[in-house]
Amino acid sequence: MLARETPRIAWGLTGSGHYLRESLEIIETLPDVDLFVTRAAAEILGMYGIPLKRLREKIRIFQDHTASSVPVGFLYGGHYHTLIIGPATSNTVAKCVAGISDTLVTNLYAQAGKCRIPSIVFACDCEPTVITEAPGQTVTLYPRPIDLENTERLKSFPYTSVAESIEALKSAIDQRMTCLNTSFS
Ligand SMILES: Cc1cc2nc3c(=O)[nH]c(=O)nc-3n(C[C@H](O)[C@H](O)[C@H](O)COP(=O)(O)O)c2cc1C
């Protein structure tokens, strides 16, 4: 159980290599963040040479070890004022849009909505062409129409801001922090 403390940011990390490093850089600039990683994210971090063990030295991390996403219960206790999901895989965005909550991060999104806690989702598949870093190589990918459609659909969800670039993500975080009367930059 978490001790009662000043409300924090819950940051959901999913299994995306695209914008992984950039997202982690932003996390390092923020105060009071806890990281929630999907099973895929835990694997991807290792593939990109970022061991979870090393991240744990700097930040509190919850992993996806339970069927019912037990750590999501912290949202009910007022421990978090904002959920940020970034980078969000096509898989996670699709599940959020469909109302499916079967991973730690999709559960966070669903429960944040039910608790009326604002979410910022950094959807990494938001352009027709994406040049990205895969382990050991740079690749060009073409997100499918369904991936782009899901990102669009998520924009209409309540308590949800969708960011489609690193700059937009930073700006959405800044706006939220200003709203909470806290400055992080
Ligand atoms: C090296 C590697 C990089 C990946 N990068 C991406 C990515 O940039 N975007 C994406 O949507 N999926 C990516 N995937 C696929 C996701 O990890 C996979 O769909 C996974 O099921 C997502 O689970 P999650 O959404 O619960 O984290 C990648 C997979 C691998 C092995």
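Definitions and cut-offs
- Residues numbered from 1 in each chain as written.
- Predicted model: local features only at pLDDT ≥ 70, side-chain atom pairs only at ≥ 80, totals over all residues.
- Heavy atoms only, no water.
- Near = heavy atom within 4 Å.
- Polar contact = N/O pair within 3.5 Å; in protein donor to acceptor, adjacent residues only side chain to side chain.
- Areas by Shrake-Rupley, 256 points an atom, 1.4 Å probe, with all protein chains shown as cover.
- Helix = DSSP H or I, 4+ residues; strand = E, 2+ residues; numbered from the N terminus.
- Axes fitted to C-alpha atoms, helices over the stretch in contact; angles between N-to-C directions.
- Parallel < 35°, antiparallel > 145°, perpendicular 65-115°, else oblique.
- Left-handed = near helix turned anticlockwise from the far one by under 90°.
- Contact = heavy atoms within 4.5 Å.
- Nonpolar A, V, L, I, M, F, W, Y, C, P; charged D, E, K, R; others polar.
- Core = buried A, V, L, I, M, F, W, Y, C linked by side-chain atoms within 4.5 Å.
- Buried < 20%, exposed > 50% of the residue type's maximum accessible area, 1.4 Å probe, protein only.
- Phe/Tyr/Trp six-rings, centres within 6.5 Å; stacked < 30°, edge-to-face > 60°.

*Asks:* Residue-level account of the site of the ligand, with values.
*Replies:* Close contacts around the ligand come from 18 residues, with Gly15, Thr38, Thr89, Ser90 and Thr92 the closest. Here an oxygen atom of the ligand and a backbone polar atom of Gly15 are 2.6 Å apart. A distance of 3.1 Å separates a nitrogen atom of the ligand from a polar backbone atom of Gly17. Alone, the ligand offers 650 Å² of accessible surface; in the complex the protein occludes 68% of this. The set of elements that each furnish at least two residues to the shell around the ligand consists of helix 2 (39-47) and helix 4 (90-98).

*Asks:* Give a description of the packing of helix 1 (residues 20-29) against helix 7 (residues 166-179) that names residues and reports values.
*Replies:* Helix 7 packs onto helix 1 with a crossing angle of 25 degrees between their chain directions and a minimal axis gap of 11 Å. Judged by the angle between their axes, helix 1 and helix 7 are roughly parallel. Crossing of helix 1 over helix 7 shows right-handed handedness. Where helix 1 abuts helix 7, its residues Glu22, Ser23 and Ile26 lie against Ile166, Leu169, Lys170 and Ile173. Of the residues in the contact of helix 1 with helix 7, the class split is four nonpolar, one polar and two charged.

*Asks:* Could you give an account of the nonpolar core, naming the residues involved and the relevant values?
*Replies:* Formed by 29 residues in total, the largest nonpolar core has its most connected members in Trp11, Leu13, Leu35, Leu169 and Ile173. Taken together, the elements giving at least two residues each to this core come down to strand 1 (8-13), helix 1, strand 2 (33-37), helix 2, helix 3 (52-56), strand 5 (119-123) and helix 7. Sort the elements by how many residues they give to this core and helix 7 lands first, with five residues. Once you skip the residues sitting within four places of it in the chain, Trp11 turns out to touch Ser23, Ile26, Ile27, Leu30, Val33, Asp34, Leu35, Phe36, Ile84, Gly86, Leu169 and Ile173. In terms of nonpolar packing, the next biggest core, distinct from the first, is built from 23 residues, Leu83, Val105, Tyr109 and Ile117 among them.

*Asks:* Any chance you could break down the packing of helix 4 against helix 6 (residues 145-154) for me, citing the residues and the numbers?
*Replies:* Where helix 4 meets helix 6, the closest approach of the two axes is 9 Å, and the angle between their N-to-C directions is 50 degrees. One way to sum up the angle between helix 4 and helix 6 is to call them oblique. Regarding helix 4 and helix 6, the two cross each other, and that crossing is left-handed. Of the residues in helix 6, those touching helix 4 at Ser90, Val93, Ala94, Cys96 and Val97 are Asp147, Asn150, Thr151, Arg153 and Leu154. By residue class, the composition of the contact of helix 4 with helix 6 is five nonpolar, three polar and two charged.

*Asks:* Provide a residue-level description of the packing of aromatic side chains, including the pertinent values.
*Replies:* Scanning all chains against the criterion turns up four aromatic pairs. Ring geometry for Phe36 against Tyr80: centres 5.6 Å apart, planes inclined by 75 degrees, an arrangement best described as edge-to-face. One end of the pair, Phe36, is in strand 2; the other, Tyr80, is in strand 4 (residues 80-88), and 44 residues separate them in sequence. Residue Phe36 is classed as buried on the basis of its relative accessible area of 0%. An aromatic cluster of at least three residues, connected via ring pairs, comprises Phe36, Phe62, Phe74 and Tyr80.

*Asks:* Tell me about helix 5 (residues 104-114), and please be specific about residues and values.
*Replies:* Burial within helix 5 is extensive, with eight of its eleven residues counted as buried. Regarding helix 5, the residues found buried are Leu104, Val105, Thr106, Asn107, Leu108, Tyr109, Gln111 and Ala112. Backbone geometry just downstream of helix 5 places Arg116 in the positive-phi region, at approximately 60 degrees.

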